[in-house]
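Listed here are the chains, written in short residue letters.
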Amino acid sequence: KSWTLPHPQSSAFYSFGRLTFLGVCLDSQHHSYCVIIPTLNEAANIAGVIRLAGPARTLVVDGGSSDGTIEIVRKSGARLVVDRTPGNGRAYKVGLENADTEFIALLDGDGTYDPRDLPAAVELAVREGADAVFGERLSKKGNYMRLPRYWGNVAVSVFLSLLFIKWMPDTQSGFLILRRSVALRHLPKSDGMPHIQEIKIGMGRAGCKCLWLPISYYDRETGSKFRFFRDGFGLVFHGLRMRLGLA
């Protein structure tokens with residue numbers, strides 16, 4: 001399903017408990033936010049992501065790249081922190097500690113998310129007084145995702161929504177806008193890939209005001225690091241552990 005909105009300030013709300021699904025298009029305004037981008041060997045993609053996000057507001061947390069990513073980031077003018085502890089979840093926590101803005105945005109460094117969606121997402125969080133805005137990739141026309149991965153994302157999102165009795169239309173999207181003070185109170189335990197769903201589940205269960213925003217999504221230009229069966233079943237297993245209070 002997609003939303004066609006008649007006016008730049010129009011919005012369409014779809015409420016499920018304390019979570020709200022929102023289709024919106026807003027005029028861009030500048031607000032104070034830091035874009036945290038975890039990287040590991042993203043030399044082929046990171047320069048374009050930083051350019052669109054804005055070097056002055058970008059903080060790259062690199063896991064020890066060996067392909068020239070670190071040199072590209074330094075030349076771009078973005079802030080750089082090198083932390084060789086493995087895992088995107090670890091990089092998120094390091095970025096959160098080093099940010100000093102009211103809001104933080106989380107993006108991947110592989111070019112699959114469009115940084116040009118950030119201003120509208122931040123504007124939405126400010127206008128609605130939200131604690132979080134989560135990007136939702138699965139409903140927007142024109143997005144590209146290979147079918148096995150698309151249906152895998154749908155299946156995991158539906159499973160976790162049923163498991164936690166809380167509708168979450170895209171539990172694995174790595175496009176997030178978070179109010180930093182709230183994010184610091186809901187740090188994920190995982191240092192790996194499950195940190196994304198852990199943030200969403202944890203903030204939703206805590207009663208935080210969370211909005212969902214349809215965003216653009218593109219195919220990764222170089223090979224994906226995601227392994228369908230290994231990582232997919234790992235996310236489901238992690239969700240079950242969370243539900244049982246074991247993670």
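Residues numbered from 1 in each chain as written. Predicted model: local features only at pLDDT ≥ 70, side-chain atom pairs only at ≥ 80, totals over all residues. Heavy atoms only, no water.

Chemist: When you look at the overall build of the protein chain in this model, what are you seeing that I'm missing?
Modeler: Across its full length, the protein chain holds eight helices and nine strands. Across the 247 residues in the protein chain, those meeting the buried criterion constitute 51%. By sequence separation, contacts in the protein chain at least 24 residues apart represent 71% of the contacts at least 6 residues apart. Working note: accessible area of the protein chain is about 11,400 Å², and carbon and sulfur atoms make up 56% of it. (Helix = DSSP H or I, 4+ residues; strand = E, 2+ residues; numbered from the N terminus. Buried < 20%, exposed > 50% of the residue type's maximum accessible area, 1.4 Å probe, protein only. Contact = heavy atoms within 4.5 Å. Areas by Shrake-Rupley, 256 points an atom, 1.4 Å probe, with all protein chains shown as cover.)

Chemist: Sorry, what's going on with unusual backbone geometry here?
Modeler: Most peptide bonds adopt trans geometry, and most residues besides glycine take a negative phi value. The backbone of asparagine 41 sits at a positive phi, close to 55°, despite the residue not being glycine. Relative to the helices and strands, asparagine 41 is located in the loop between β3 (33-39) and α1 (46-53). The backbone phi angle of isoleucine 165 is positive, close to 50°, even though this residue is not glycine. On the basis of relative accessible area, isoleucine 165 is assigned to the exposed category, the value being 70%.

Chemist: What is the right way to look at a nonpolar patch on the surface in this model?
Modeler: On the surface, Val158, Leu162 and Trp167 cluster together to form a nonpolar patch covering roughly 290 Å² of accessible area. Examined against the element boundaries, valine 158 turns out to sit in helix α5 (residues 147-164). (Patch = residues over 30% accessible without salt bridge, like charges linked within 9 Å, V, L, I, M, F, W, Y side chains within 5 Å. Salt bridge = Lys/Arg side-chain N within 4 Å of Asp/Glu carboxyl O.)

Chemist: Would you mind going over the side chain of aspartate 110 with me for this structure?
Modeler: Checked against the element boundaries, aspartate 110 lands in the loop between β6 (103-106) and α4 (118-128). Only 2.7 Å separates the side chain of aspartate 110 from the side chain of threonine 112, close enough to count as a polar contact. (Polar contact = N/O pair within 3.5 Å; in protein donor to acceptor, adjacent residues only side chain to side chain.)

Chemist: Sorry if this is basic, but what is going on with helix α2 (residues 69-76) here?
Modeler: Since the α-helix turns once every 3.6 residues, residues separated by three or four places project in the same direction. All buried positions along α2 are accounted for by Thr69, Ile70 and Val73. Down the axis of α2, the smallest arc covering the buried residues is 100°, so these residues share one side. Set apart from the buried face of α2 by more than 90 degrees, the exposed residues are Arg74 and Lys75. Where α2 is buried, its residues touch β3, α1, β4 (58-62) and β5 (79-82). Looking one or two residues beyond α2, the residue adopting positive phi is glycine 77, at roughly 95°. (Arc of directions from axis to C-beta.)

Chemist: Explain the packing of α5 against helix α7 (residues 195-205) here, please?
Modeler: A pair of packed helices is captured by two measures, namely the crossing angle of their axes and the spacing between those axes. Viewed as axis vectors pointing N to C, α5 and α7 meet at an angle of 30°, and their least axial separation amounts to 12 Å. Considering the angle they form, α5 stands roughly parallel to α7. Read as a crossing pair, α5 and α7 show a hand that is right-handed. In this structure, α5 contributes Val156, Leu160 and Phe164 to the contact, and α7 contributes Gln197, Ile201 and Arg205. (Axes fitted to C-alpha atoms, helices over the stretch in contact; angles between N-to-C directions. Parallel < 35°, antiparallel > 145°, perpendicular 65-115°, else oblique. Left-handed = near helix turned anticlockwise from the far one by under 90°.)

Chemist: Is there a simple way to explain α4 in this structure?
Modeler: Of all 11 residues in α4, eight are buried; the element is thus mostly enclosed. Count one or two residues on from α4 and you reach glycine 129, which has phi positive near 65°.

Chemist: How do you make sense of the environment of arginine 205 when you look at a structure like this?
Modeler: Residue position: arginine 205 is located in helix α7. Here the alpha-carbon distance between arginine 205 and phenylalanine 164, two residues 41 residues apart in the chain, equals 8.4 Å. Other than its neighbours up to four places away in sequence, arginine 205 contacts Phe164, Met242 and Arg243.

Chemist: Help me understand the pattern of salt bridges in this model?
Modeler: Pairs may arise between side chains of opposite charge once their charged atoms sit close together. Taken as a whole and judged by the stated rule, the model has seven salt bridges. For lysine 93, the salt bridge goes to aspartate 191, with nearest N and O atoms at 2.7 Å. Of this pair, lysine 93 sits in helix α3 (residues 88-98) while aspartate 191 sits in the loop between α6 (180-183) and α7, and the two are 98 residues apart along the sequence. Residue class for lysine 93 comes out buried when judged on its relative accessible area of 15%.

Chemist: Is there a simple way to explain the environment of proline 55 in this structure?
Modeler: Assignment of secondary structure puts proline 55 in the loop between α1 and β4. What makes proline 55 partly exposed here is its relative accessible area of 29%. Counting along the chain gives 24 residues from proline 55 to arginine 79, while the straight-line C-alpha distance between them is 7.7 Å. What proline 55 contacts, discounting residues up to four positions off in sequence, is Ile50, Ser76, Gly77, Ala78 and Arg79.

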